[in-house]
Amino acid sequence: MDFLRWTICRDGEGEPYPCTEPTDFLRCPFCGSRMIIHYFFVPEGDPFGHVDVQLKCPFCEYVATFGVSTYGSGERSALRNSRLHGRVLRYELERILSRDSEEYGMVEERLRRWGYW
Ligand SMILES: [Zn+2]
């Protein structure tokens, strides 16, 4: 078995964020919904060169954290310089998810109610 392939996707404005190939591969282990990027962080001066990536389930709110060690230094720099870096992604998700997708509808509803999802 090979490693899960982490790659870089770009939002509608070209900002990079971590994702897998295929992008809908990771599903929630509790309810089966597509896991959505929630937060990522590239530690500076980290000798192990990993990237923390949190994915969240829009249905049951399960959060999974990955410590991705397969990105090269160029990819880590691109992620660190992304405007999406180091912040909980909220309304930015409208540039990542298809607006008419079921997942976006769930996220948008939570953002409207609580300002968080
Ligand atoms: Zn779930």
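Residues numbered from 1 in each chain as written. Predicted model: local features only at pLDDT ≥ 70, side-chain atom pairs only at ≥ 80, totals over all residues.

### Topic: the overall build of the protein chain
Part 1: Across its full length, the protein chain holds two helices and five strands.
Part 2: Secondary structure elements of the protein chain, listed N to C terminal, follow the sequence β-β-β-β-β-α-α.
Part 3: Over its C-alpha trace the protein chain gives a radius of gyration of 14 Å, about what one expects of a compact globule, namely 13 Å for 117 residues.
Part 4: With the C-alpha coordinates of the protein chain rotated into their principal frame, the extents come out at 40 × 35 × 20 Å.
Part 5: Looking at the 117 residues of the protein chain, the share that counts as buried comes to 23%.
Part 6: In the protein chain, the share of contacts with a sequence separation of at least 24, taken over all contacts with a separation of at least 6, comes to 49%. (Helix = DSSP H or I, 4+ residues; strand = E, 2+ residues; numbered from the N terminus. Rg over C-alpha atoms; globule rule 2.2 N^0.38 Å. Buried ≥ 20, exposed ≤ 12 C-beta atoms within 10 Å, placed from the backbone. Contact = placed C-beta atoms within 7 Å.)

### Here we look at the sheet that holds strand S4 (residues 51-56)
Part 1: Reading across the sheet, the three strands line up as S3-S4-S5 and stay open at both edges, with antiparallel pairing between neighbours. The open sheet has two free edges, formed respectively by strand S3 (36-41) and strand S5 (63-68), since each of these has just one partner strand. With direction set aside, neighbouring strand axes in the sheet form an average angle of 25°.
Part 2: Sheet topology note: the S4/S5 ladder contains six bridges and is antiparallel. (Pairing = 2+ DSSP bridges. Axes fitted to C-alpha atoms, helices over the stretch in contact; angles between N-to-C directions.)

### Regarding the nonpolar core
Part 1: Of all hydrophobic cores here, the largest spans 21 residues; its most connected members are Ile36, Ile37, Phe40, Val51 and Leu93.
Part 2: Those residues within four positions of valine 51 in sequence are excluded, and the remaining contacts are Pro18, Phe40, Val42, Val68, Tyr71, Arg76 and Leu79. (Core = buried A, V, L, I, M, F, W, Y, C linked by C-beta atoms within 7 Å.)

### Focus: the environment of tyrosine 71
Part 1: Along the chain, tyrosine 71 falls in the loop between S5 and helix H1 (73-80).
Part 2: We classify tyrosine 71 as buried; it has 20 C-beta atoms within 10 Å.
Part 3: Leave out the neighbours within four places in its chain, and tyrosine 71 touches Trp6, Val51 and Arg76.

### Regarding unusual backbone geometry
Part 1: That bond from glutamate 21 to proline 22 is cis: its omega, -5°, falls within 30 degrees of zero.
Part 2: Among the structural elements, proline 22 can be located in the loop between strand S2 (16-20) and S3.
Part 3: Backbone geometry at glutamate 61 places phi at a positive 75°, although glycine is not the residue there.
Part 4: Inspection of the secondary structure assignment puts glutamate 61 in the loop between S4 and S5.
Part 5: Accessibility expressed as a C-beta count within 10 Å gives 12 for glutamate 61, which makes it exposed.

### Thoughts on the pairing of S4
Part 1: Judged from the five bridges that link them, S3 and S4 form a sheet pairing that is antiparallel. Note that in S4 the partner of isoleucine 36 across the bridge is lysine 56.

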